[in-house]
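Each chain is listed here by its residues.
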Amino acid sequence: MSLHWKLLFGLWPCVAVGIGLWRWDSAFAAILLYHAGIAVGVGCDTKVLGLIKRGFRWFPAIGGIVIGILTIPVVLLCLPILVGMESPELGEVLSSKLAETGLSGSWFWLFLAYFVTIHPILEELGWRAILQSDSAKPHGLDLEFAIYHLLVLGYFFPKAWPLLVVTFLVLSGSAWLWRQMRRSMGGLASVILFHAAADAGILIAVWMLVR
């Protein structure tokens, strides 16, 4: 796939979030639309599935899990500052938004289970296999990966520009790091564990804010 086509397909998550979350107010619709696009890509290039089991290294995997755990206190400490709210008010806002998007009660836990198991695998297959660039330098795909997340955060916190700026920088760097891990290790196993731990840390922190 040429670079131009990769960059074009990299916009699909923005479309999925725009329709599923901004239009339909459904977190499940957004993520399933997003994953449907990745599934089509995997169906057209099934050899990328072999990357799931390759590329495991103990040190990066354990390091990624530790970073994922540390995500919990980082979110709890930094999110109120970046959105300009005290934790109780932030919890109320998040609780209301989660309910609007279909993530209240047991649905939140169902989403969390999906988000830390299926989602990291499909997302890494999409971004670090089908759309992978072997460049050691920052790449447009790294920026696109960060941008679609900004649409998600913008839905929950539309005026929190500090949050969006910090998130863009962190996720662009994360996308670059995960590309380099996949490139150097020849597979996605450690990257997927790293990604899953970070996703779990974020949603657990959200739960702690809204409970």
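Quick notes on the rules
Residues numbered from 1 in each chain as written. Predicted model: local features only at pLDDT ≥ 70, side-chain atom pairs only at ≥ 80, totals over all residues. Heavy atoms only, no water. Helix = DSSP H or I, 4+ residues; strand = E, 2+ residues; numbered from the N terminus. Rg over C-alpha atoms; globule rule 2.2 N^0.38 Å. Buried < 20%, exposed > 50% of the residue type's maximum accessible area, 1.4 Å probe, protein only. Contact = heavy atoms within 4.5 Å. Areas by Shrake-Rupley, 256 points an atom, 1.4 Å probe, with all protein chains shown as cover. Lys, Arg positive; Asp, Glu negative; His and termini not counted. Charge placed at Lys NZ, Arg CZ, Asp CG, Glu CD. Salt bridge = Lys/Arg side-chain N within 4 Å of Asp/Glu carboxyl O. Phe/Tyr/Trp six-rings, centres within 6.5 Å; stacked < 30°, edge-to-face > 60°. Patch = residues over 30% accessible without salt bridge, like charges linked within 9 Å, V, L, I, M, F, W, Y side chains within 5 Å. Expected span 1.5 Å × (residues − 1). Arc of directions from axis to C-beta. Core = buried A, V, L, I, M, F, W, Y, C linked by side-chain atoms within 4.5 Å.

Visitor: What is the right way to look at the overall build of the protein chain in this model?
Guide: Along the backbone of the protein chain there are nine helices and zero strands. Rg of the C-alpha trace for the protein chain: 17 Å, near the compact-globule value of 17 Å for 211 residues, within the 12% margin. By principal-axis analysis of the C-alpha atoms, the protein chain measures approximately 45 × 35 × 30 Å. Per-residue burial over the protein chain gives 48% buried out of 211 residues. Taking contacts inside the protein chain between residues at least 6 apart in sequence as the whole, the part at least 24 apart equals 78%. Carbon together with sulfur atoms contributes 74% to the accessible area of the protein chain, which is approximately 10,700 Å² in total. Placing the 14 positive and 12 negative side-chain charges of the protein chain at their respective mean positions leaves the two points 11 Å apart.

Visitor: When you look at the pattern of salt bridges in this model, what are you seeing that I'm missing?
Guide: When the charged atoms of two side chains lie near each other, side chains of opposite charge can form a pair. Summed over all chains, the structure comprises four salt bridges. The shortest N-O distance in the salt bridge between E100 and K97 comes to 3.9 Å. Here the residue E100 and the residue K97 both occupy positions in helix α5 (residues 87–100), the gap between them amounting to three residues, near one helical turn. R128 is paired through a salt bridge with E124; the nearest N and O atoms lie 2.8 Å apart. Of the two residues, R128 and E124 are both situated in helix α6 (residues 106–130); the distance of four residues between them amounts to about one turn of the helix. On the basis of relative accessibility, which here comes to 2%, the residue R128 falls in the buried class.

Visitor: I tried to follow the packing of aromatic side chains on my own but got confused; where do I start?
Guide: Geometrically, a pair of aromatic rings is defined through the distance of the ring centres and the angle of the planes. This model, assessed by the stated rule, comprises 13 aromatic pairs. Taking the centre distance of 5.6 Å and the plane angle of 85° together, the rings of W22 and Y155 count as edge-to-face. Linking W22 in helix α2 (residues 12–23) with Y155 in helix α7 (residues 140–156), this pair joins segments that are 133 residues apart in sequence. Taking the centre distance of 5.0 Å and the plane angle of 55° together, the rings of Y34 and Y148 count as tilted. Taken together, the positions of Y34 in helix α3 (residues 27–44) and Y148 in helix α7 put the pair 114 residues apart, joining distant regions of the chain. Using a relative accessible area of 3% as the deciding quantity, one classes Y34 as buried. Relative accessible area serves as the criterion here: at 5%, Y148 is assigned to the buried category.

Visitor: Help me out: how do you make sense of a nonpolar patch on the surface in this one?
Guide: A grouping of F56, W58, I62, I65, V66, I69, L70 and L193 is seen on the molecular surface, where their side chains present a nonpolar patch of about 760 Å² in accessible area. The greatest single-element share of the nonpolar patch, amounting to six residues, is contributed by helix α4 (residues 58–83). Structurally, I65 can be placed in helix α4.

Visitor: Any chance you could explain α5 here in plain terms?
Guide: Think of an α-helix as turning once every 3.6 residues; residues three or four places apart then point the same way. Spanning 14 residues, α5 covers 20 Å between terminal C-alpha atoms, matching the ideal 20 Å at 1.5 Å per step. By the burial criterion, the buried members of α5 are L90, G91, L94 and L98. Angular distribution of buried residues about the axis of α5 spans 100°; they occupy a single face of the element. Facing away from the buried side of α5 by over 90 degrees, the exposed positions are P88 and E92. Here the buried face of α5 lies against α4, α6, α7 and α9 (189–210).

Visitor: Would you take a moment to explain the environment of G154 for this structure?
Guide: Mapped onto the fold, G154 is located in helix α7. Residue classification places G154 among the buried residues on the basis of a relative accessible area of 9%. For the pair formed by G154 and W22, sequence separation is 132 residues and the distance between their alpha carbons is 9.7 Å. Excluding anything up to four places from it in sequence, G154 contacts W22 and L164.

Visitor: Explanation requested: the nonpolar core in the structure shown.
Guide: Generally speaking, a soluble globular protein has its nonpolar side chains buried in company with each other. Judged by nonpolar contacts, the single largest core of 55 residues is most densely connected at L79, V83, L90, L94, F111 and F157. Looking at this core, the elements that each hand over two or more residues are α2, α3, α4, α5, α6, α7, α8 (161–185) and α9. Sorting elements by how many residues they give to this core places α6 first, with nine residues. Once residues within four sequence positions are removed from consideration, V83 is found in contact with L90, F157, A160 and L163.

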